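Results of the structural survey
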Amino acid sequence: TGAIGLYNIGQSCCLNSLLQVFLMNIHFTGILRRITVPPHAVQKRNNVPYQMLLLLEEMQCGKRKAVSPIDLAHCLSAYKVKLFVQHDAAQLFLTLWNLIKRQMKNPDLVGKLSDLYTICVQEHVACQKCLFETKRNSSMLTLPLPVLDSNSHMLKTLEDCLQCFFHPEELTDQNMCFCEQCGRKTPFLQSMKLVHLPQTLTIHLKRFCFEKSAHIHKLSHYLPFPQELDFNAVLTENQCQADDNEKAAWQYELFAVVAHSGSTNCGHYCAYIRSLTECKWYCFNDSEVCQVSWDDVKCTYGHSNLHWGQTAYLLIYMKKHPQ
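Residues numbered from 1 in each chain as written. Predicted model: local features only at pLDDT ≥ 70, side-chain atom pairs only at ≥ 80, totals over all residues. Heavy atoms only, no water.

Observations regarding the packing of helix α4 (residues 48–61) against helix α5 (residues 70–77)
Viewed as axis vectors pointing N to C, α4 and α5 meet at an angle of 170 degrees, and their least axial separation amounts to 9 Å. The angle between the axes of α4 and α5 places the two elements in the roughly antiparallel class. Contacts between α4 and α5 involve V48, Q51, M52 and L55 from the first element and D71, L72, C75 and L76 from the second. (Axes fitted to C-alpha atoms, helices over the stretch in contact; angles between N-to-C directions. Helix = DSSP H or I, 4+ residues; strand = E, 2+ residues; numbered from the N terminus. Parallel < 35°, antiparallel > 145°, perpendicular 65-115°, else oblique. Contact = heavy atoms within 4.5 Å.)

Some points on the packing of aromatic side chains
For any pair of aromatic rings, the description rests on two quantities: the centre-to-centre distance and the angle between the ring planes. If you walk through the whole model with that rule in mind, you get 15 aromatic pairs. Measuring from ring centre to ring centre gives 5.8 Å for F231 and Y252, while their planes differ by 70 degrees; the resulting arrangement is edge-to-face. Here F231 is found in helix α9 (residues 231–234), whereas its partner Y252 is found in strand β14 (residues 251–262), with 21 residues between them in sequence. The same class applies to F231 as to Y252, namely buried. Ring geometry for Y269 versus Y313: centroids 6.4 Å apart, planes at 40 degrees, classification tilted. With Y269 in strand β15 (residues 267–274) and Y313 in strand β18 (residues 311–319), the pair connects residues that are 44 residues apart, well separated along the chain. Taking the relative accessible area as the measure of exposure, Y269 reaches 5% and is therefore buried. By relative accessible area, which is 4% here, Y313 ends up buried. Taken together, F22, F28, F93, W97 and Y117 form an aromatic cluster joined through their ring pairs. (Phe/Tyr/Trp six-rings, centres within 6.5 Å; stacked < 30°, edge-to-face > 60°. Buried < 20%, exposed > 50% of the residue type's maximum accessible area, 1.4 Å probe, protein only.)

Description of the domain arrangement of the protein
Per the domain assignment, the segments of the protein are domain 1 (1–118) and domain 2 (140–171 + 198–322). The centre of domain 1, based on its C-alpha atoms, is set 22 Å off from the matching centre of domain 2. Counting from both sides, the interface comprises 32 residues of domain 1 and, opposite them, 32 residues of domain 2. Both sides together, the interface formed by domain 1 and domain 2 hides about 2600 Å², and carbon and sulfur atoms give 67% of it. Broken down residue by residue, the surface that domain 1 buries against domain 2 is led by V21, M24 and Q86, which jointly contribute 19%. Linking domain 1 with domain 2 are 1 salt bridge. With a closest N to O distance of 2.6 Å, K65 and E288 form a salt bridge. Contributions of two or more residues to the side of domain 1 that touches domain 2 are made by β1 (5–6), α1 (13–23), α2 (26–32), α6 (89–103) and α7 (107–117). Looking at the side of domain 1 that touches domain 2 element by element, the count peaks at 7 residues for α1. (Domains from an automatic or database assignment. Buried area = accessible area lost by both parts, 1.4 Å probe. Salt bridge = Lys/Arg side-chain N within 4 Å of Asp/Glu carboxyl O.)

Some remarks on unusual backbone geometry
The phi torsion at L131 lies on the positive side, around 65 degrees, for a residue other than glycine. Tracing the backbone through its elements, the reader meets L131 in the loop between β3 (119–127) and β4 (133–140). Of the residues examined, L131 reaches a relative accessible area of 64% and is grouped as exposed. The backbone of C279 shows a phi angle near 60 degrees, a positive value even though the residue is not glycine.

A word on the packing of α1 against α6
For the pair α1 and α6, interaxial distance at closest approach is 10 Å and the crossing angle is 55 degrees. One finds that α1 runs oblique with respect to α6. Here α1 and α6 pass one another in a crossing that is right-handed. Within the contact between the two elements, α1 uses C14, L15, L18 and F22 and α6 uses A89, L92, F93, L96, W97 and I100. The residue inventory of the contact of α1 with α6, partitioned by class, reads 10 nonpolar, no polar and no charged. (Left-handed = near helix turned anticlockwise from the far one by under 90°. Nonpolar A, V, L, I, M, F, W, Y, C, P; charged D, E, K, R; others polar.)

Points about the sheet that holds strand β6 (residues 169–171)
The antiparallel open sheet is built from 4 strands, whose spatial order is β4-β3-β9-β6. With partners counted over all chains shown, the strands left at the sheet margins are β4 and β6, one partner each. Mean inter-strand twist for the sheet, computed between neighbouring axes without regard to direction, equals 25 degrees. (Pairing = 2+ DSSP bridges.)

A short note on the pairing of strand β9 (residues 188–196)
Looking at chain direction, β3 and β9 are connected through 8 bridges and run antiparallel. Paired with C120 across the strands is H196, a residue of β9. Where β6 and β9 come together, 3 bridges link them in antiparallel fashion. In the sheet register, E170 faces β9, and the bridge partner there is L189.

In structure tokens:
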């Protein structure tokens, strides 16, 4: 029946945009359709995956241009996700994903959900005096990329942001760490290496930053991102900790952009999503949905003099050749 919008039920544009990104992802909905239906009415009302499934079915079966996410919103409010307030899309994405995972009772589905979204990195910390090194693997749901370098200069491309994120950082002066081998605080080198990338990769552009006055400031400068992204061409050998089979699947196509317009105090979200079945781009702006071109998506690159213009905040990439 085509792409369906979601009515704004009171500052719900952030939630609406994220729901569209989840529900337009056929890999995610394939998992969602396999959940166990809660047996009791109260459990059904308070189960986030089940309420998402009901919303998906209403969107697919109805012939209206938009449906209301009010039942899902009330369900989320039971887990301290506030209604009728402005949300940060990166934080709300993490909250939604964790609620979905926690309430999926089937271990197989939980595993598939984790495989679909989870990034694995290896943190390295090395003493610069005795070269003693510790390594630790950790998981994350988004790659939180800086849009400014260490000298607060604007980074010019998404590839530059990735390089900056994985660039080793020297911990000196007040940032020195205690070395067990040396028995004192010493300079350290801290670095991050990429181990595994998921089918659906979520990149968080850190466009909201704290100023010295403790006010949150939005960075709206121009930052292009590609339709196709190959991590092997962006990162160096030293920035990866993966075998050849893993790295062979590190080629991505852009699937969605969650864009923010306005200021930190008064803003609006919408989502640009490429239909995986039609290969067409759509703009989901609450209840309004329309087909758009790649040039329309590129308008979210940002502009320093257009703070009220749309600026990409979350980028969702999909693997071109999943293993």
